[in-house]
Amino acid sequence: MENHIIMSKSGSSSEGLEADFLIHPEWLVPMTQKGLVMTGQSIAILQNKIVAIGDSDKLKKQYSPRQEITLENHVLIPGLINAHGHTPMSLFRGYADDMALRPWLEDKIWPAEAQWVSEEFVCDGATLAIAEMLRSGTTSFTDMYFFPDEVAKVALKSNIRAMLAAPVLDFPTVWAQDADEYIRKATELNDRYKNNNHIEVAFGPHAPYTVSDEPLRHISTLANELDIPIHIHIHENAHEVEEAVKNTGLRPLERLNQLGLLSQLLQCVHATQLEDEEIETLANAGVSIVHCPASNNNLASGMCRTQDILDAGINLCLGTDSAASNNELNMINEMRMAALQGKSTAADAAATSAWDVLAMATINGARALGKEDCLGTLETGKLADCVAIDLAYLNSQPVYDPISTLVYSVQAQQVSHVWVDGKLNVENGQLTMLDPAEIMATAKKWAQKIA
Ligand SMILES: [Zn+2]
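Residues numbered from 1 in each chain as written. Predicted model: local features only at pLDDT ≥ 70, side-chain atom pairs only at ≥ 80, totals over all residues. Heavy atoms only, no water.

Caption draft 1: Layout of the domain arrangement of the chain. Entries for the chain in the domain assignment read domain 1 (5–78 + 380–431) and domain 2 (80–368). Computed over C-alpha atoms only, the centres of domain 1 and domain 2 are separated by 30 Å. Roughly 2500 Å² of surface becomes buried between domain 1 and domain 2 when both sides are summed, with 64% attributable to carbon and sulfur atoms. Applying the counting rule to domain 1 against domain 2 returns three salt bridges. Here Arg161 makes a salt bridge to Asp421, at a shortest N to O gap of 2.8 Å. Here domain 1 is connected to domain 2 by eleven residue pairs in polar contact (both at pLDDT 80 or more). (Domains from an automatic or database assignment. Buried area = accessible area lost by both parts, 1.4 Å probe. Salt bridge = Lys/Arg side-chain N within 4 Å of Asp/Glu carboxyl O. Polar contact = N/O pair within 3.5 Å; in protein donor to acceptor, adjacent residues only side chain to side chain.)

Caption draft 2: Local environment of the coordination of the zinc ion. All of the protein donors around the zinc ion are His84 (NE2), His86 (NE2), His233 (NE2) and Asp321 (OD); their distances to the metal are 2.1 to 2.3 Å. Spacing between the donor residues of the zinc ion along the chain follows H-x1-H-x146-H-x87-D. Accessibility expressed as a relative area gives 8% for His86, which makes it buried. (Donors = N, O, S within 2.8 Å, 3.2 Å for Na, K, Ca; no water. Buried < 20%, exposed > 50% of the residue type's maximum accessible area, 1.4 Å probe, protein only.)

Caption draft 3: Layout of the pattern of salt bridges. Under the definition given, this model contains 22 salt bridges. Taking the shortest distance from any N to any O, the salt bridge between Asp20 and Arg66 comes out at 2.6 Å. Linking Asp20 in strand S2 (residues 17–28) with Arg66 in strand S6 (residues 63–78), this pair joins segments that are 46 residues apart in sequence. Judged by its relative accessible area of 41%, Arg66 is partly exposed. With a shortest N-O distance of 2.7 Å, Asp385 and Arg161 are connected by a salt bridge. Of the two residues, Asp385 sits in the loop between helix H14 (363–368) and strand S15 (386–390) while Arg161 sits in strand S9 (residues 161–168), which places them 224 residues apart along the sequence. On the basis of relative accessible area, Arg161 is assigned to the buried category, the value being 4%. Taken together, the shared-partner salt bridges in this structure form one network comprising Glu181, Arg184, Lys185 and Glu188. (Helix = DSSP H or I, 4+ residues; strand = E, 2+ residues; numbered from the N terminus.)

Caption draft 4: Broad picture of the packing of helix H5 (residues 179–193) against helix H6 (residues 213–226). Running from amino to carboxyl end, H5 crosses H6 at an angle of 15°, the nearest separation of the two axes being 11 Å. Taken together, the axes of H5 and H6 lie roughly parallel to each other. Viewed along their axes, H5 and H6 form a crossing whose handedness is right-handed. Residues Ala179, Ile183, Thr187 and Asn190 of H5 lie in contact with H6, whose contacting residues are Pro215, His218, Ile219, Leu222 and Leu226. (Axes fitted to C-alpha atoms, helices over the stretch in contact; angles between N-to-C directions. Parallel < 35°, antiparallel > 145°, perpendicular 65-115°, else oblique. Left-handed = near helix turned anticlockwise from the far one by under 90°. Contact = heavy atoms within 4.5 Å.)

Caption draft 5: Examining unusual backbone geometry more closely. Cis geometry marks the peptide bond from Asn326 to Asn327; its omega dihedral reads 10°. Position of Asn327 relative to the elements: it lies in the loop between strand S14 (315–318) and helix H12 (331–346). In the segment running from Gln397 into Pro398, the intervening peptide bond is cis, with an omega of -5°. By the element assignment, Pro398 lies in the loop between S15 and helix H15 (402–409). One non-glycine residue, Ala271, adopts positive backbone phi at about 45°. Secondary-structure assignment places Ala271 in the loop between strand S12 (266–270) and helix H9 (276–285).

The structure is reproduced here in structure tokens:
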């Protein structure tokens, strides 16, 4: 599928404006306006920014690009933002399937983590995850895991953006002994990366049932002082809510509300159990919700009320969760799952449209990161994170509406080009900065040990 991609090193310009790339996609979906699909438009990238979007003939005359790429049958979209995951757990992909959340965590995942997690495990797992994400069009991801410095190193080496939600728990792990130490490590992590334009830091209290009131209050105060997000699993399933009511008399969201956590800084992951009043409270507080449909289905956690959340005006994003409960980190499939599940949950085929889920995976993700001014859409002046997808495959022909085709019939392998910060990370379907054969050999070695 590469023979229709025409590349040249020099343009035929008379005006000669400088650009690193001049890209001519068949369709351009900027995500600036609902349903907008542009044709005959090109995009110019210089260094890490989009410097022009406009009429192809005009830009061809204006620019002398170092590389000109014509992408017939391709749709160009903003980079996909995976708003929740645990990248090192890719090494547990397929390790414990077909189990409910609590026994999955308590009998399989937590014991395996206690035995195997180390800096090396985190580095190798994150590398596997990042390679898979880049290859399927993800340009930014949020990660909650131990040894976040290792994830940061791999992210920087691989040229992908990351928000590291530094984990906080009440109990000891290989990463810290108690809540105070987790929180101290999170603030130190933030100090290390606060001036890095690829890495963001957030507090990652694991869940209401693993973090007690005092550390949650402390996190709330620090997050406000430092102006960084709080990323937490919440209302993941009915059991979590029932146990909380039994133990504390409060639903977890009400407890977080009383502790002062509900604000624009809060990212609520899962939220499958929401009553009408809770949706209203979350909307008024300006929180973001991260929907993880594959993981919720995998663990039979419950159905997120996506259309009701969108109708309430809440910023709804999309995440894969880890490959231990997904079992892939593929935002294209995640969009399809979100759209189909949203219709089913609302009992309305018009609910959670293709455009809605593409917005969840792009601009809404950028908004949750507080980066909607520089990421999430294709616009002049924004950072050059963009993804080209080849629609000339049997499974995605014919094309009436490229947004619908992208969400409902594209496979991840159709991602042909990925730019992050103006650099080409995937070119003609090949990773440019990572070696898949080496990554797979390392993953195989881990599986032999863990099994
Ligand atoms: Zn998770």
